[in-house]
Amino acid sequence: MATYHIKHKTIYSYRYPVASSHHTACLRPLDKENQKCRRFHLRVSPDSSDLIQRQDYFSNIVHIFSIQEPHDSLVVNATSLVESTASPQNLKDIDTPVLEVRKALADIDRTDLIDAKQFLYETEYTAKSKEILDFGNRFFEEDKPIGAGLFDMLEAFSADFEFDPEVSDIYTPIQTTLLNKRGVCQDFAHLMIGALRAQGLAACYASGYILTQPPPGQERLMGADASHAWVSVFVPEAGWINIDPTNNLVCGDQHVSVAYGRDFSDVSMIKGAVTGGGEHSIDVQVTMELVES
């Protein structure tokens, strides 16, 4: 079991005072099999007296708040204590042929798979195209074991793609990521999801945190980490399998899940609307520390 203390601080600085603002924060780690959020605290400055917690459509925990006084900055502090007992699945052990998985997900009589079937369809961020279909065809022949296909796809991301935070933003199309072979975790997650859905497979977007390690001999930098994104793929006989194309990993206890959705737009950690403010800047500081037992 691994226990983590996570601090996530977001600072919005506005050019002009904001008269009022309304926000949704999706920052509380999930309680699910193999993961428990033991403590969570959300602090907003300026203070909001109408902070409300609820579950969204995908069962993620969201907090809704409004600031009804003029302000030139907004600071959102979230702190969590999370326990994880997750262990990575061996993809080579998942031997259901790709065609069987496709048929199960397409079977209108399989009402037990309704929750997974909603993740079969393309979205704006995971749009289908011939190039995306061809990319997925490299890994998912009909008689190939689904686990072997996922393994090969992860290997391709590791071999062919390069992490580069300078070449993309949240609106970068997956066709551009495929062409450039460069991007960040969000880009790689969207591309993998788009390719899987084009193959008739169910995949959803996962957001949260991953424990990062500093270079040998250097101390961890407080606030130097960032939120992370990966992919969850559904196989009827195995359930949801979490895989990380950015790091060529099947997720284990180093990943902490905060939210799942169809794509980034469903799980944005903080979003909202403001009146006034003009141009603004955002500073995000994340620290994830392993708590020694």
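This text follows the structure it describes.
Below: a short report on this structure. From a predicted model like this one, the values you see are computed outputs, not experimental measurements.

This next bit is on unusual backbone geometry. Residue S45 is joined to P46 through a cis peptide bond whose omega torsion reads 0°. By the secondary structure assignment, P46 is in the loop between β2 (35–45) and β3 (52–55). One non-glycine residue, N34, adopts positive backbone phi at about 75°. Mapped onto the elements of the fold, N34 is located in the loop between β1 (2–25) and β2. In this structure, N248 takes a positive phi of about 55° despite not being glycine. With respect to the element layout, N248 can be found in the loop between β10 (239–244) and β11 (249–250).

What follows is about the pattern of salt bridges. The tally for this structure, following the rule as stated, stands at ten salt bridges. For R182, the salt bridge identified is with E162, shortest N-O distance 3.1 Å. Taken as a pair, R182 in strand β7 (residues 182–183) and E162 in strand β6 (residues 162–163) lie far apart in primary sequence, 20 residues in all. Using a relative accessible area of 42% as the deciding quantity, one classes E162 as partly exposed. Across the salt bridge formed by D266 and R262, the nearest N and O atoms sit 2.8 Å from each other. Of the residues examined, D266 reaches a relative accessible area of 16% and is grouped as buried. Relative accessible area serves as the criterion here: at 39%, R262 is assigned to the partly exposed category. Where salt bridges share partners, they join E141, K144 and D152 into one cluster.

Looking at the element boundaries, D56 is found in the loop between β3 and β4 (61–67). Separated by 204 residues in sequence, D56 and Y260 have C-alpha atoms that sit 10 Å apart. The contact partners of D56, leaving out residues within four places of it in the chain, are V62 and D266. Among the polar contacts listed, one links the side chain of D56 to the backbone nitrogen of N60, at a separation of 2.8 Å.

All buried positions along helix α1 (residues 98–106) are accounted for by V98, V101, R102, A104 and L105. Summarising the axial view, the buried residues of α1 lie within an arc of 165°, below the 170-degree limit, and thus occupy one face. Facing away from the buried side of α1 by more than 90 degrees, the exposed set consists of K103 and A106.

Note that H8 resides in strand β1. Of the residues examined, H8 reaches a relative accessible area of 4% and is grouped as buried. A distance of 3.5 Å separates polar atoms of two side chains, one belonging to H8 and the other to T10. There is a polar contact of 2.7 Å between the side chain of H8 and the side chain of Y209. The contacts of H8, once residues within four sequence positions are left out, are L27, V76, N77, A78, Y209, S227, M269, V284, Q285 and V286.

A few words on the packing of helix α3 (residues 130–137) against helix α6 (residues 185–198). Direction vectors running N to C along α3 and α6 enclose 85°, while the axes themselves pass 8 Å from each other. Taken together, the axes of α3 and α6 lie roughly perpendicular to each other. On α6, the residues that touch I132, L133, F135 and G136 of α3 are L191, G194, A195 and A198. Grouping the constituent residues of the contact of α3 with α6 by class yields six nonpolar, two polar and no charged.

Put plainly, a disulfide is one covalent bond tying together the sulfur atoms of two cysteines. Inspection of every chain in the model, using the stated rule, returns zero disulfides. With no disulfide of its own, C185 has C251 as its nearest cysteine by sulfur position, at a separation of 11 Å. On the basis of relative accessibility, which here comes to 13%, the residue C185 falls in the buried class. For the unlinked cysteine C251, the closest cysteine sulfur is that of C204, found at 11 Å. The exposure class of C251 is buried, given its relative accessible area of 10%.

What follows covers a negative patch on the surface. Among the surface-exposed residues, D93, D95, E100 and E237 lie close enough to one another that they form a single negatively charged patch. Along the chain, D95 turns up in the loop between β5 (71–84) and α1. A relative accessible area of 55% places D95 in the exposed class.

On to the environment of D263. Looking at the secondary structure, you find D263 in the loop between β12 (255–261) and α7 (264–267). Taking the C-alpha atoms as reference, D263 lies 27 Å from K92; in sequence the two are 171 residues apart. Leaving out residues up to four positions away in the same chain, D263 has contacts with T123, Y125, T126, H190 and Y205. Side-chain polar atoms of D263 contact the side chain of S265, separated by 2.5 Å.

About the criteria used
- Residues numbered from 1 in each chain as written.
- Predicted model: local features only at pLDDT ≥ 70, side-chain atom pairs only at ≥ 80, totals over all residues.
- Heavy atoms only, no water.
- Helix = DSSP H or I, 4+ residues; strand = E, 2+ residues; numbered from the N terminus.
- Salt bridge = Lys/Arg side-chain N within 4 Å of Asp/Glu carboxyl O.
- Buried < 20%, exposed > 50% of the residue type's maximum accessible area, 1.4 Å probe, protein only.
- Contact = heavy atoms within 4.5 Å.
- Polar contact = N/O pair within 3.5 Å; in protein donor to acceptor, adjacent residues only side chain to side chain.
- Arc of directions from axis to C-beta.
- Axes fitted to C-alpha atoms, helices over the stretch in contact; angles between N-to-C directions.
- Parallel < 35°, antiparallel > 145°, perpendicular 65-115°, else oblique.
- Nonpolar A, V, L, I, M, F, W, Y, C, P; charged D, E, K, R; others polar.
- Disulfide = S-S within 2.5 Å.
- Patch = residues over 30% accessible without salt bridge, like charges linked within 9 Å, V, L, I, M, F, W, Y side chains within 5 Å.
- Areas by Shrake-Rupley, 256 points an atom, 1.4 Å probe, with all protein chains shown as cover.
- Lys, Arg positive; Asp, Glu negative; His and termini not counted.
- Charge placed at Lys NZ, Arg CZ, Asp CG, Glu CD.

These results come straight from atomic positions and should not be treated as a statement about function.
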